[in-house]
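What follows is each chain in one-letter form.
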Amino acid sequence: MTTELLMGNDAIGRGLIEAGCQVAAAYPGTPSTEILQSVINRRDEAVDPLHVEWSVNEKIAFEVALAASYTGKRSAAVMKQVGLNVAADPFMRTAYLGVKGGMLTIVADDPGPHSSQNEQDTRLFCLQGRVPVLDPSSPAEAKAMVEPAFALSEKYEMNVVLRPTTRVCHSRQSVALTTPLGPDRKSEFVPDTGRFCATPAFLPGLHKALNAKLEQIAKEPDWQPKMVEGDGSNKGLALVASGIAYANLVDLLAELELTGTVDLYQVLMPYPLNPDFIDTLQNSYTKVLVLEETYPVIEMQLAHPGAAGKLSGAVPKEGELTPDVLYTALADFLGLERQQNEAVQARGQRPSLCPGCPHRAAFYSIKKTFPDGIFPSDIGCYTLGMNLEAVHTVHCMGACISQGAGFYQAYRQDGGATPTVVVTIGDSTFFHAGIPALINAVVQDARIIVVILDNATTAMTGGQPVPHMGIAAGGRKTKAIAIMPLVKAAGVEFIESCDPYHQARFEELLRKADEHTRHENGGVAVLIAKHGCLMDPAVRKAQEAAPVQITEDCLGCGQCVEIFECPALSMDKENETARVDGDRCHGCGTCIAVCPAQAIVEGGMI
Ligand code: SF4
Ligand code: SF4
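Reading the values: the criteria
Residues numbered from 1 in each chain as written. Chains lettered and ligands numbered in written order. Predicted model: local features only at pLDDT ≥ 70, side-chain atom pairs only at ≥ 80, totals over all residues. Heavy atoms only, no water. Helix = DSSP H or I, 4+ residues; strand = E, 2+ residues; numbered from the N terminus. Rg over C-alpha atoms; globule rule 2.2 N^0.38 Å. Buried < 20%, exposed > 50% of the residue type's maximum accessible area, 1.4 Å probe, protein only. Contact = heavy atoms within 4.5 Å. Areas by Shrake-Rupley, 256 points an atom, 1.4 Å probe, with all protein chains shown as cover. Lys, Arg positive; Asp, Glu negative; His and termini not counted. Charge placed at Lys NZ, Arg CZ, Asp CG, Glu CD. Near = heavy atom within 4 Å. 1 Å grid on protein atoms, 1.4 Å probe; cavity = no way out; pocket = protein on both sides within 12 Å on 5 of 7 lines; lining within 4 Å. Sits in = over half its atoms within 2 Å of the grid points. Nonpolar A, V, L, I, M, F, W, Y, C, P; charged D, E, K, R; others polar. Points joined across faces, edges and corners; volume = space filled by probe spheres on them. Axes fitted to C-alpha atoms, helices over the stretch in contact; angles between N-to-C directions. Parallel < 35°, antiparallel > 145°, perpendicular 65-115°, else oblique. Pairing = 2+ DSSP bridges. Phe/Tyr/Trp six-rings, centres within 6.5 Å; stacked < 30°, edge-to-face > 60°. Lys NZ or Arg CZ within 6 Å of the ring centre and 35° of its normal. Disulfide = S-S within 2.5 Å.

Chemist: Please clarify how the overall build of the protein chain should be interpreted in this entry.
Modeler: Across its full length, the protein chain carries 21 helices and 23 strands. In terms of overall size, the protein chain behaves like a compact globule, its C-alpha atoms giving a radius of gyration of 27 Å where 606 residues would be expected to give roughly 25 Å. Along the first, second and third principal axes, the C-alpha atoms of the protein chain reach 80 × 65 × 55 Å. Burial status across the protein chain gives 56% buried among its 606 residues. By sequence separation, contacts in the protein chain at least 24 residues apart represent 76% of the contacts at least 6 residues apart. Carbon and sulfur atoms provide 52% of the accessible area of the protein chain, an area that totals close to 26,300 Å². A gap of 6 Å separates the mean positions of the 49 positive and 70 negative side-chain charges of the protein chain.

Chemist: I tried to follow the site of ligand 2 on my own but got confused; where do I start?
Modeler: Taken together, 14 residues lie around ligand 2, and Cys566, Cys585, Cys588, Gly589 and Cys591 are the ones closest in. In this structure the site holding ligand 2 corresponds to the largest cavity. A breakdown of the residues in the shell around ligand 2 according to their chemical character gives 9 nonpolar, 5 polar and no charged.

Chemist: Just to check I follow, could you spell out empty space enclosed by the protein for this structure?
Modeler: Space left empty within the atom packing is revealed by a probe, the size of a water molecule, rolled over the atoms. With the rule as written, the count across this model stands at 2 cavities of 30 Å³ or more. Its boundaries defined by the atoms lining it, the largest cavity holds a volume of some 110 Å³. For the lining of the largest cavity, the per-class residue count stands at 10 nonpolar, 5 polar and 1 charged. Taken as a whole, the second largest cavity holds about 80 Å³ of empty space. Cys554, Cys557, Cys560, Ala578 and Cys595 are, among the 14 residues lining the second largest cavity, the residues nearest its centre. Here the residues of the lining of the second largest cavity sort into 11 nonpolar, 3 polar and no charged.

Chemist: Just checking my understanding: could you explain the layout of surface pockets for this structure?
Modeler: Approximately 850 Å³ is the volume found for the largest pocket. Mapped onto the lining of the largest pocket, the elements with two or more residues apiece are helix H2 (33-41), helix H4 (81-86) and helix H17 (427-443). Looking at the lining of the largest pocket residue by residue, the classes come out as 16 nonpolar, 21 polar and 5 charged. Here the second largest pocket defines a volume of roughly 370 Å³. Residue lining of the second largest pocket: 21 residues in total, with Ala456, Thr457, Gly463, Gln464 and Asp536 positioned closest to the centre. Considering only residue class, the lining of the second largest pocket consists of 11 nonpolar, 9 polar and 1 charged.

Chemist: Would you mind showing me how to read the packing of helix H3 (residues 58-70) against helix H5 (residues 88-97) here?
Modeler: Each pair of packed helices gets described by two things: the angle between the helix axes and the distance between those axes. The N-to-C vectors of H3 and H5 enclose an angle of 25°; their axes lie 9 Å apart at closest approach. The angle between H3 and H5 places the two elements in the roughly parallel class. Contact residues: Lys59, Phe62, Glu63, Leu66 and Tyr70 in H3; Asp89, Pro90, Phe91, Thr94 and Leu97 in H5.

Chemist: Explain the sheet that holds strand S7 (residues 160-162) to me, please; I cannot follow it from the model alone.
Modeler: One key point about sheets: their strands pair by backbone hydrogen bonds, in either a parallel or an antiparallel sense. Taken in spatial order, the 6 strands line up as S3-S2-S4-S5-S7-S6 in an open sheet, and their pairing is parallel. Of all the strands in the sheet, the pair left with one neighbour each is strand S3 (51-54) and strand S6 (133-134). Examined bridge by bridge, strand S4 (residues 75-80) and strand S5 (residues 103-108) share 6 bridges and lie parallel to one another. Residue pairing across strands places Ala76 opposite Leu104, the latter belonging to S5. Against the sheet, H3 makes contact with strand S2 (23-26), S3, S4 and S5, and its axis sits at roughly 165° relative to S4, the strand it touches most.

Chemist: How should unusual backbone geometry be read in this particular structure?
Modeler: Keep in mind that most residues, glycine aside, have a negative phi and that most peptide bonds are trans. Residue Thr30 is joined to Pro31 through a cis peptide bond whose omega torsion reads 15°. Position of Pro31 among the secondary structure elements: in the loop between S2 and H2. With an omega of -5°, the peptide bond running from Tyr271 to Pro272 counts as cis. On the secondary structure map, Pro272 appears in the loop between strand S11 (263-266) and helix H12 (275-284). We note that Glu157 has phi near 50°; this positive angle belongs to a residue other than glycine. Structurally, Glu157 can be placed in the loop between helix H7 (139-156) and S7.

Chemist: Can you help me understand the pairing of strand S22 (residues 577-580) in this one?
Modeler: With 4 bridges joining them, strand S21 (residues 569-572) and S22 adopt antiparallel strand pairing. Residue pairing for S22: Ser570 is matched across the bridge by Arg579. The turn joining S21 and S22, which pair antiparallel and follow one another in sequence, is formed by 4 residues; a positive phi near 55° is taken by Glu576.

Chemist: Sorry, what's going on with the site of ligand 1 here?
Modeler: Close contacts around ligand 1 come from Cys554, Leu555, Gly556, Cys557, Gly558, Gln559, Cys560, Ala578, Cys595, Pro596 and Ile600, and that covers them all. Most atoms of ligand 1, that is more than half of them, are within 2 Å of grid points of the second largest cavity. In terms of residue class, the shell around ligand 1 is made up of 8 nonpolar, 3 polar and no charged.

Chemist: Can you walk me through the packing of aromatic side chains in this structure?
Modeler: Given two aromatic rings, their pairing is described by the distance between the two centres and the angle made by the two planes. Applying the stated rule across the entire model yields 9 aromatic pairs. Summarising the aromatic geometry, the rings of Phe62 and Phe91 are spaced 6.0 Å apart at their centres and angled 70° between planes, so their arrangement reads as edge-to-face. Placement of the pair is Phe62 in helix H3 and Phe91 in helix H5, with a sequence separation of 29 residues. Like Phe62, the residue Phe91 is buried in the burial classification. These aromatic residues form a ring-pair network of at least three members: Phe62, Phe91 and Phe125. Seen from the ring of Phe564, Arg360 lies directly overhead, with NZ or CZ sitting 5.7 Å from the centre.

Chemist: Mind showing me how you'd approach the state of the cysteines here?
Modeler: One covalent bond between the sulfur atoms of two cysteine residues makes up a disulfide. Taken as a whole, this structure holds 0 disulfides when the rule is applied. Unpaired in terms of disulfides, Cys21 finds its nearest cysteine sulfur in Cys169, a separation of 17 Å.

See the structure below:
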């Protein structure tokens, strides 16, 4: 056996390969993205055959993995916590119908949250969905859980959830590697209509069987809370923790030289929680401190009269359980002194679109053309269009088009003039959840402009392929699904494509689109803003640079810095003029139109 220093997500990916997972499907999203990327990178080490895919969304990833499991193979669906909302429909039904080959749903939670639209606790989702969930505390533990989790899934024919959190996903640890064994199974689907096509008549029976399985799983010896016994100096007290909170607690106790002074339990499987464990805590301890991210899933199930945790208010109800937060809860519980100087977090510079980003040019034109417009947008790096005041709402994947239609309908029913509604949605998000919303907008005659920001990649998560590029996971060539015919097929009659760098033309098309939405026989207008992401070196290389410089006409008004916000531009405080950082400028020239004094001109040094 060898060891390797691996990031948590890489460790999980390697765990899938070692366990003989033959179908892995995901939609990218921080903090889960690198799990499937690891499987792609390590496919040469895998048992052949292995199918890996970046699916169009999480529901589809789940259903692909589920069908593979029906054939008896081991499969995994990978997503972030809000992705589970998208996959909720098949996820909930699978709890009843079950699986055949081992199936893991790996859902990376984002306490904090760092890069998600909300905090969510997949363990709570599993409790509601009645699906077993495992809560690793470290990269090594997450990897070590993968194979036994498949085994658990196969033993009970149930989907099992592995739920790492951001700190587990993105921290590094020395991890033990073993030879990928893999079942290398051949597909063998045996129809079982009473189960796989279960109509309502079958569901009470399946629900009953599910409840019986959960009772057994709760008592599975390998998944019981692990206990480190204290020396009796804190009699009647117990610490209960799971996930990264457990790892942080272990470090904190060591730092305070309190290791082994109080009984400490690590909960590996927060649901279903062993009833004997609940009894033990109730009968043997007067006070229990429960430390878990994000919701009080364990604390709630313990129903212990002396429980201190999120429910009791002893632990914050939101945010990560960082060591300083844990210290306060532990100090109160054990009667230690509270730390005096709690660190005040300094705010960093606000995030901004990259220098030369085509989205910036698109947003600038949208705001300039429709200063009083309503601008629903969506999830992606382009959310930063809010800095240019061209993003008014961001809700969840694909919501922008439906919200745009909703805004239109609300204004339309008042009978007066309707504002221009310009929706912005990325290409990946369009495929993910935008298409049904577009069809609905057309059918309901919503008079909105939809700008599809097509930068030919899923930029925010690191550049995963999108369906219109003709590239599948790992670079395999595949059929490209062009956006324009899809939009036409959705019933849209106004559809144009334009590089947003060509601002005059882009703005002209925006005005035409607006005319179409307001015409008696008009409807939804779609404009595809097409320019590759500058994070792609090939795009940068292919792009003609038109270097800019600031002339002495600069008034120092700051518009280029404050309104346009290209990170390559800043204000020279001494001279009170703008300046260009030649190392950061991509020479896109889109800032030229912003300057009221025409002081930004081509001809700088790049
Ligand atoms: S370059 Fe133009 S926009 Fe920028 S500060 Fe000078 S005058 Fe204002
Ligand atoms: S040309 Fe202007 S907008 Fe483009 S990268 Fe350079 S400074 Fe930024």
